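Tertiary structure, described
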Amino acid sequence: MLSARNSRLTLLCLIATLLLGPPARADGERPQFQWPIIKGEFPDLRLITSTFGESRIDHFHNGLDIAGDNDAVRPMAAGDIVYTRNGPDDPFRPEQGPGNYTYLYHGNGWWSGYYHLRNLSGYPRAGAVSPETILARSGNTGHSGGPHLHFFVARESGYEIINPLTVLPDVTDENPPIIEGLVILTPNGETHLRADRIERFRLTRPYPILLRVRDPGLETYTNRGVYRLRWRLNDDEARERVFDRVQFVDGDWKLQGQHSFEESFVSGYYNLGILSFAEGENLIEVFVADYAGNESSDRFNLVVDRQY
Ligand SMILES: [Zn+2]
């Protein structure tokens, strides 16, 4: 009875989807987002130097970085300014990571933030903004290693941070991620494993297997994070990470609400976790992709001398 009802509902939903397009999320429709800074000819947007979900030593990078100084920063969508912080106006000038910043609310549960801005005096500090409004100029305030705009998109009153690439117009990116190798980190140091030879090593106890990978984007010198990561040992079930959102769950930021930072990265490398190697020959297959869908894969042939 229930299942028949469910299948009728599913059919109804399918028909509704075909006729009307996908249903709006219960918590509201997504605004029309635009890039806050355009560098060069769109969609050839260069100088995205960091992507969402990268390792920042002890936390996930929660937005995108666009390098450049004094660039006009516009809202990702129409909305209202909910908060700004301008260091020069603050009599106590406490050190703040984001530097000068602006937070916007776009309605239907969508928020955005813009960090490391130049002095906000002369720029809007309250009220409504349109996509044409100049919010500020990009700068180097706060904890910032060079002039850039850091920006992010949030939902759930800030408890869910979304990869901006999933809501912004697509930009050109023709370069696939580069898989550089596997790493085993032990108290004696790092052992690096390459895909182009048979690697032999001895394990005295289980250690996590780490992956070195970087995505050049359009600027071949940039080391950006990947969007999708999938790996498999021998005939084990494949494991996967998708860097589309982090959620604050049980007191910690977790990738897709499931994987903590420590579970996802070790010493800046992607953490493939502790794998149950067989004694002797093993195969680790790795697949990575950037948000534009450029893919790379590699196969690592490992001969393991298991001493545990
Ligand atoms: Zn950043």
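On a predicted model such as this, the values are computed, not experimentally measured, just so you know.

1. Section: the sheet that holds strand β13 (residues 199-203)
- Strand order in the open sheet made by the five strands is β13-β23-β22-β15-β16, with mixed pairing throughout. Looking along the sheet, the strands with just one partner apiece sit at the ends: β13 and β16 (239-242). Each strand of the sheet is rotated relative to its neighbour by a mean of 25 degrees, with strand direction disregarded.
- With 10 bridges connecting them, strand β22 (residues 280-289) and strand β23 (residues 295-306) associate as antiparallel partners.

2. Notes on the domain arrangement of the chain
- Looking at the assigned domains, one finds that the chain contains domain 1 (48-166) and domain 2 (178-306).
- Computed from C-alpha atoms alone, the centre-to-centre distance between domain 1 and domain 2 is 31 Å.
- With 20 residues of domain 1 in contact, the opposing surface of domain 2 contributes 21 residues.
- For the domain 1 and domain 2 pair, buried surface summed over both sides reaches about 1,800 Å², with 64% attributable to carbon and sulfur atoms.
- Area buried by domain 1 at its contact with domain 2 is led by Ser55, Phe60 and Tyr159, which between them contribute 32% of it.
- Counting the contacts that link domain 1 with domain 2 gives one salt bridge.
- A salt bridge links Arg245 to Glu160, with the shortest nitrogen-to-oxygen separation between them at 2.6 Å.
- On the surface where domain 1 and domain 2 come into contact, there are 10 residue pairs in polar contact (both at pLDDT 80 or more).
- Counting residues per element, the side of domain 1 that touches domain 2 draws most heavily on strand β10 (residues 160-162), at three residues.
- Within the side of domain 1 that touches domain 2, the residues separate by chemical class into eight nonpolar, eight polar and four charged.

What counts as what
Residues numbered from 1 in each chain as written. Predicted model: local features only at pLDDT ≥ 70, side-chain atom pairs only at ≥ 80, totals over all residues. Heavy atoms only, no water. Pairing = 2+ DSSP bridges. Helix = DSSP H or I, 4+ residues; strand = E, 2+ residues; numbered from the N terminus. Axes fitted to C-alpha atoms, helices over the stretch in contact; angles between N-to-C directions. Domains from an automatic or database assignment. Contact = heavy atoms within 4.5 Å. Buried area = accessible area lost by both parts, 1.4 Å probe. Salt bridge = Lys/Arg side-chain N within 4 Å of Asp/Glu carboxyl O. Polar contact = N/O pair within 3.5 Å; in protein donor to acceptor, adjacent residues only side chain to side chain. Nonpolar A, V, L, I, M, F, W, Y, C, P; charged D, E, K, R; others polar.

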